[in-house]
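Structural overview for review
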Amino acid sequence: MPTSRPRRRTVGAGAKHKLVFVDRLLATLAHLRHGATHDMLACWFGGDRSTITRAI
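To start, this report covers the structure provided alongside it. Please read all numbers here as calculations on a predicted model, not as lab measurements. (Residues numbered from 1 in each chain as written. Predicted model: local features only at pLDDT ≥ 70, side-chain atom pairs only at ≥ 80, totals over all residues. Heavy atoms only, no water.)

**Details of the overall build of the chain**
The cut-off we apply is this: The way it works is that DSSP assigns letters per residue, a run of H or I at least four long becomes a helix, a run of E at least two long becomes a strand, and they are numbered from the N terminus. This radius of gyration counts C-alpha atoms alone. The globule rule is 2.2 Å times how many residues there are, raised to the power 0.38.
When you go through the chain residue by residue, the secondary structure sums to three helices and zero strands. Helices and strands appear in the chain in the N-to-C order α-α-α. Here the C-alpha radius of gyration of the chain, 16 Å, is well above what a compact globule of 56 residues would show, namely 10 Å. With the principal axes as the frame, the chain shows a C-alpha extent of 50 × 25 × 20 Å.

Okay, here's the thing in structure tokens:
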């Protein structure tokens, strides 16, 4: 059995979602239905391209 070690981060310290669920859903549907690029969706939702990529 491995020896337990202390946590490196506190609970809940990871990256937070910058888009609410409905915005993530709309971005995904727009991407799938209309072929909108991640850059275009980032402009529409006022975020970064990497945020849209994670959401989709």
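This is not the end of the story, as more comes after the structure.
**Some remarks on the nonpolar core**
Here is the rule we go by: Nonpolar cores are built from buried Ala, Val, Leu, Ile, Met, Phe, Trp, Tyr and Cys residues. Side-chain atoms within 4.5 Å join them into one set. Relative accessible area decides the class of each residue, using a 1.4 Å probe on protein chains only: under 20% of the type maximum gives buried, over 50% gives exposed, and in between gives partly exposed. We call two residues contacting when some pair of their heavy atoms lies within 4.5 Å.
In this structure, Leu19, Ala27, Ala30, Ala36, Leu41, Ala42, Ile52 and Ala55 together form the largest nonpolar core, which totals eight residues. Taken together, the elements giving at least two residues each to this core come down to helix H1 (21–34), helix H2 (38–45) and helix H3 (49–55). Other than its neighbours up to four places away in sequence, Leu19 contacts Arg24, Phe45, Thr51, Ile52 and Ala55.

**A word on a nonpolar patch on the surface**
Short version of the rule: Patch building starts from residues that exceed 30% relative accessible area and form no salt bridge, then joins like charges within 9 Å and nonpolar side chains (Val, Leu, Ile, Met, Phe, Trp, Tyr) within 5 Å. Note on areas: these come from Shrake-Rupley sampling with a 1.4 Å probe, and a residue is covered only by the protein chains present in the view. Salt-bridge detection follows one rule: a side-chain nitrogen of Lys or Arg within 4 Å of a carboxyl oxygen of Asp or Glu.
On the surface, Val20, Phe21, Val22, Leu25, Leu26 and Leu29 cluster together to form a nonpolar patch covering roughly 570 Å² of accessible area. By secondary structure assignment, the location of Leu29 is in helix H1. Residue classification places Leu29 among the partly exposed positions, given a relative accessible area of 46%.

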